[in-house]
Structure formats: structure tokens, C-alpha cells
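Each chain is listed here by its residues.
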Amino acid sequence: MEEKTLFELSSVYRKNMRIKGYIFGNGEHSACIVGATRGNEVQQVYICSRLVNILEQLERKGKICSGKSIMVVPSVNSYSMNIGKRFWSTDNTDINRMFPGYDLGETTQRIADGLFRNVNDYKYGIQFASFYMQGSFIPHVRMMKTGLEDIELAKDFGLPYVFRRDVRPYDTTTLNYNWQIWETKAFSVYTDATDTINTDTAAEAVNAVLSFLKKQGIIEYNCHEGYISKLIEGHELVNVKTGTAGFFIRRAEVNSRVNQGDLLAEIVDPYSGRTIDKILSPVNGIVFFHAAQPVIYAHTPLYRIIPTDDLI
Amino acid sequence: MVQTIAAIGLPIDETLMIQKNRLIPKSGVTDSKKRISIVTGTHGDELEGQYVCYELQRRINENYDCLTGTVDIYPALNPLGIDSITRGIPGFDLDMNRLFPGSENGSMPEYIASKIVNELKGSTAVIDIHASNIFLREIPQVRINELSRDTLVPLAKKLNVDYIWVHSSATVLESTLAYSLNVIGTPTLVVEMGVGMRITKEYGDQLVDGIFALMKELGIWSGEVIEPKQPIISEDGEVSFINATKSGVFVPSVEHWKNVKKGDHIGDILNPLTGEINEKINAETDGIVFTLREYPIVSEGSLIARILA
Ligand SMILES: [Zn+2]
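These figures come from a predicted structure and were not determined experimentally.

## Some thoughts on the overall build of chain A
In terms of regular secondary structure, chain A is built from six helices and 18 strands. Considered along the principal axes of its C-alpha atoms, chain A spans approximately 60 × 50 × 35 Å. When each of the 312 residues of chain A is scored for burial, the buried share is 55%. For chain A, restricting intrachain contacts to residue pairs at least 6 apart in sequence, the fraction spanning at least 24 positions comes to 68%.

## A look at the domain arrangement of chain A
All names here are of chain A. On domain assignment, one finds that chain A holds domain 1 (2-233) and domain 2 (237-307). The C-alpha centroid of domain 2 is placed 31 Å from the C-alpha centroid of domain 1. At the junction of the two partners, domain 1 supplies 12 residues and domain 2 supplies 14 residues. Surface buried jointly by domain 1 and domain 2 totals about 1,200 Å² across both partners, of which 72% is contributed by carbon and sulfur atoms. Together, Gln 134, Ser 136 and Ile 138 form the three largest contributors to the area buried by domain 1 at its contact with domain 2, with a combined 41%. Counting the contacts that link domain 1 with domain 2 gives zero salt bridges. On the surface where domain 1 and domain 2 come into contact, there are three residue pairs in polar contact (both at pLDDT 80 or more). Taken together, the elements giving at least two residues each to the side of domain 1 that touches domain 2 come down to β6 (135-137), β8 (161-165) and β10 (230-233). Per-element accounting of the side of domain 1 that touches domain 2 gives the leading share, three residues, to β6. In terms of residue class, the side of domain 1 that touches domain 2 is made up of seven nonpolar, four polar and one charged.

## Remarks on the state of the cysteines
Residue and element names in this part refer to chain A. Scanning all chains against the criterion turns up zero disulfides over all chains. With no disulfide of its own, Cys 65 has Cys 223 as its nearest cysteine by sulfur position, at a separation of 13 Å. For Cys 65, a relative accessible area of 17% corresponds to the buried category. Taking the relative accessible area as the measure of exposure, Cys 223 reaches 18% and is therefore buried.

## Some remarks on the sheet that holds strand β13 (residues 265-271) of chain B
Residues and elements named next belong to chain B. The four strands lie next to each other as β14-β13-β11-β16, forming an open sheet whose pairing is antiparallel. A single partner strand is all that each edge strand has here, and the edge strands are β14 (276-282) and β16 (297-298). Inspection of the sheet shows strand β11 (residues 248-252) paired to β16 by two bridges, in the antiparallel sense. Within the sheet, the bridge partner assigned to Gly 248 lies in β16 and is Val 298.

## A closer look at the sheet that holds β8(A)
Hydrogen bonding along the main chain pairs the strands of a sheet, whether they run parallel or antiparallel. All names here are of chain A. If you walk across this open sheet you meet the nine strands as β1-β2-β4-β3-β5-β9-β7-β8-β10, and the pairing is mixed. With one partner strand each, in any of the chains shown, β1 (2-9) and β10 form the two edges of the open sheet. Averaged over all pairs of adjacent strands, the angle between their axes in this sheet comes to 25°, without regard to strand direction. Inspection of the sheet shows β8 paired to β10 by four bridges, in the parallel sense. Note on β10: the bridge partner recorded for Arg 164 is Glu 233. The strands that helix α3 (residues 107-119) touches are β1, β2 (17-25), β3 (28-36) and β4 (68-75); relative to β1, the one it contacts most, it runs at about 155°. Against the sheet, helix α6 (residues 199-215) engages β3, β4, β5 (124-128) and β9 (185-190), with an angle of about 175° to β5.

Calculation rules
- Residues numbered from 1 in each chain as written.
- Chains lettered and ligands numbered in written order.
- Predicted model: local features only at pLDDT ≥ 70, side-chain atom pairs only at ≥ 80, totals over all residues.
- Heavy atoms only, no water.
- Helix = DSSP H or I, 4+ residues; strand = E, 2+ residues; numbered from the N terminus.
- Buried < 20%, exposed > 50% of the residue type's maximum accessible area, 1.4 Å probe, protein only.
- Contact = heavy atoms within 4.5 Å.
- Domains from an automatic or database assignment.
- Buried area = accessible area lost by both parts, 1.4 Å probe.
- Salt bridge = Lys/Arg side-chain N within 4 Å of Asp/Glu carboxyl O.
- Polar contact = N/O pair within 3.5 Å; in protein donor to acceptor, adjacent residues only side chain to side chain.
- Nonpolar A, V, L, I, M, F, W, Y, C, P; charged D, E, K, R; others polar.
- Disulfide = S-S within 2.5 Å.
- Pairing = 2+ DSSP bridges.
- Axes fitted to C-alpha atoms, helices over the stretch in contact; angles between N-to-C directions.

Structure, rendered in C-alpha cells:
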């Protein structure tokens, strides 16, 4: 294992911030794995630390295939994590909206550039990302419909789902999008935690990445190969919103099967304790996402459901 | 007449309201369908537009007979942000100006964005007033996407600003309010002026003079107006950026909106611990400083100034 400082930012008031890469094997730049770009992505750093630990063991046993190299970058934004902020510590900008970066630009553009120039020539790029709202997902690989996405390859992670959605204007400045433009096969892997550590889903994500690396001939590793992933398109999901604000009392969890008319959640008046709204499932299906805030605004999307036929 | 254009329940005993005040001509004055919309407060830390909303109405009310069209005033597109000194939408940490045109069926921020676009659609002109951020001070200017140059530059010239910046288009800007309105044929001008968290009264007065001049041009005002300033108009190529290459405390040695010559001293980045100068910053071109760092603490990359050649 080689530890390399990819980028360093000087500061008058703090120790310099370093972006560190952990490199395994030699030769072709085969796979790069990036963890947190935001300060609350603790689970993402945790998953990377597990990968660094395991890849080091594999390297010692000679299990990194010859001529292949892997780099893990656990965090691009340690400054924000150390002070409990999500976005950049001074100007609150989002590093994952600054790619491909600019070496003469603003601070976060320089950080993005400092990372990107070190990772843009890898064959495969894997990012552990997070959603802008608090919530839980079934673990999945998320792809954007850029025309460059490779769905079959995404299934090699063996996660239950590969999720594909349309590109929005602001996506063009994310790491994933720019990787694709630079001809890296890019994947975003989502698990169900962000600002907490869930060791079970972290283990699942680690296994998914190792399984993927094995199938691409980058490592030798016998593991549980996971699921035969199913592709779901963003527009296929059924969104369930609340029209009412209040306490959000969840009655259905991620991955649970629901029938049309089943109770998904209750909205409770925070002072009287009365149930003011019952959120029912509009379809038969599987819960793909649920929001996790204890109190919610009106118009909040609470659930996203994968519709199923469910004749049994 | 104050109207609520969107209302959203908040969890505990509160409703978020996006409001506008509509001023219409006295009955019998006109049957004009002309309408100007003044919007501001998308970024909760930008306050210059608050004074403009007040002052515009004060002057209209003084000479109400001169009003010959509709004026809609939206002081706070992001009221929770203004109230809590938050640039984005509190609770979501989202930049509201990256959500347009929004979606009726989306989350709360997207729903509000779609209601706003719906209300503004069809205005004869929309003025979207921004105030930079807390870091940079800007001269009163209009920023125009090159795609809408032909429609917007003639309108912007009426606004009595010092500067019109025609910038290149970028995909990421397609989710701004101005882009979303311009693309559906509602001319929308983005004004940037002053600095975040402050009100610069003379800039506000200057812009209000300009809004009246534009209203007169559009047939919404029949009273006396000033002759607008001749703004400098430029494109990206004529703007040079100065970014800090060291961290520290920036102390300027030039004034905002003043000419500098190549080699002139712009300011220093100081190290308060060691008493050293971390970086001396000099102008790399002749020009006029139209953006100047206001917030003293800088890191590598922080924008110090923009100079127009
Ligand atoms: Zn703004």
C-alpha cells in the first residue's frame, strides 16, 4: 500500500487539509473509489476505511492482479467533517458541484481539480454518495442517463437494484458526470446511512465493491456475489407525498412489501396528538426509499415505491 | 393588495407563505395589461433588494396617479432564509436558484419554485435583485446570459446601473429563475449589487431611479424619470479574476469601482500569527475594480477582485 497526498490546501488557522489516496497494486489505473465529498458523509468514509483495510490484506497475500492498480480516496473534505458541517467550511459551497474543478478558481474548485486530475484516468470510478434529504434507500447503484452509462457493468456490484435517472442541469458539475465525460465507467453506490455508521450496510457496500473488482479481473477474491440486480428507471418509481405537515410516524420500512391501501405512515398533529393524515400506498410494491425526518413539511416526498404485480 | 402565492404547512403551528404586493393603476387611468415584477430574497443573506422594494413603493405612493400599469413586488422568495440569515433554503441546504422551474409535484422547495415561475410568467419584465454574497462587494450591474442578449441588453440599459456583464451560458445555470423565465419568453434581468447582509442605500436609490426609467419605457409609469446612466457593457473576455494564492487576512489598498494600472497594489494577505505578509497582490492589467473582496478571511482560491479591462 502506498499513501499519497493528492492535494494540499494551506490554512492560517488550521493544519493544512490533505486529500489522501491509498494505492494498491501496480500498473494500469484500474479502479478508483472516492468516499466523502461532504462533511456529513461519515458512512462513506467508514466504508472506504474498511476497503483500505481489506485491500491491504489482499495486497499482502498477492491477490491484487498483476498490472492492475486501485486507489481509495476516503475523503475530499475532512475540514468540514471535523467541524460537523455538510458543505465547505467557509463559503458553504458543495465540492460535488464543482467538478471538473479549476486550478486557478475558487477554493472548492481547486479542491475538485486537485482530486479530479488524480482520478480522471481510471478505467472504473466508484463514488459513495449521499442524497440531499435525510432518508433510507435499498442499497443500489445509481446511474445518470448520459448515454455513456453501462447498466450491465453496474449489475456486477450484485446490489439488489441499479437505478437510472435523467440528467438535470446541476448534475453536470458532479464527480460522477465528469468521470463519464472523461471516459471512466462511473458508478455511485448508495447505502442507507450518511451521518451515522451502519456496519451491516457498510459491509454490504464493501462486498459489492470487492465483487465488482473481482469480476473485472482486478483482484482475486472469493465472495458472496450478491443479487442479480434489477434495473429500475426513475420514472417507474411511484412517489408518495404528504399534503400535511406534522410528526412523521413511519409504519413501513425500506425493502418492505406493501399492498395498495396499506398504511405507510401517519402524520400526527404535534400538539394535540391527533392523527391528521394517513399515508396509504397507492400501489402494490416494494419500498425503495423513505424519508427519515421526525417532523416534516407539507409536500415532502415520504416514500418511493417500486411497483410490482404481486399476484401471489 | 398583498397576496399569498404559495403556502406550505411547517411542522409546528406555522405556515410558510410566499407573498407579493400588487399595485394597480387607479380606476379609469388605463386598461393596460403591462406588468413589471420585482423579485428578490432568493438568497437569504442578500438584503439590498429589501430597501429597493420599500423605496419603490414609497415613491409610487407619492405619485400614484402616474401609475399606468401593474407593479408586483415579491420581497422574499425565500422568507425562511432571510429570517434565519441562511443563504439557501433552511432545512434543505439547497440553493433556491438551482431549482427552477421547479415542479408542482416535487418537494417543498420545488413546489414553491414552480408556483413562483407560474406567477411571474407573462410579466412584461421581471427584475431579479441579488446582492452578491457576504464575501464580495459588487458595483450595481445587470448580468445577462449571452443567449438572451438581444432582448435584455436594451432593457438593462434603462436600469441606471454602472455595468452590464454579458456572460457565456453554462448548463448549470439553466436551473436559475432568470433562465427559466427567459426561456419561456418572460424577459428577466438579474441585478447584482452591493454586498451580502448589508444595505447600501445609494445603490438602492440608484436602482430605484432605473426601475422607474424602465417602467416609463414599458408604459407602466407616466411620471418624471431620470436619464439613465450609460453603463459599460462587456463580455467574459474583458473580465480578469484575481484569486488568493495564500490564506490569511485580506486588507485592500484600493477602492471599489476605481481605475487601477497594471502593477498597482490591490492589497495584502496578512498573517496575524507571525506578523508577515503572506501575499502581496498587484493588478495584472489596467482596468476598473468592479468586484472587491469584502470579507477579510481568505483561503487559497478565494476571489479577491474582478477587474474589467
Ligand atoms: Zn443571489
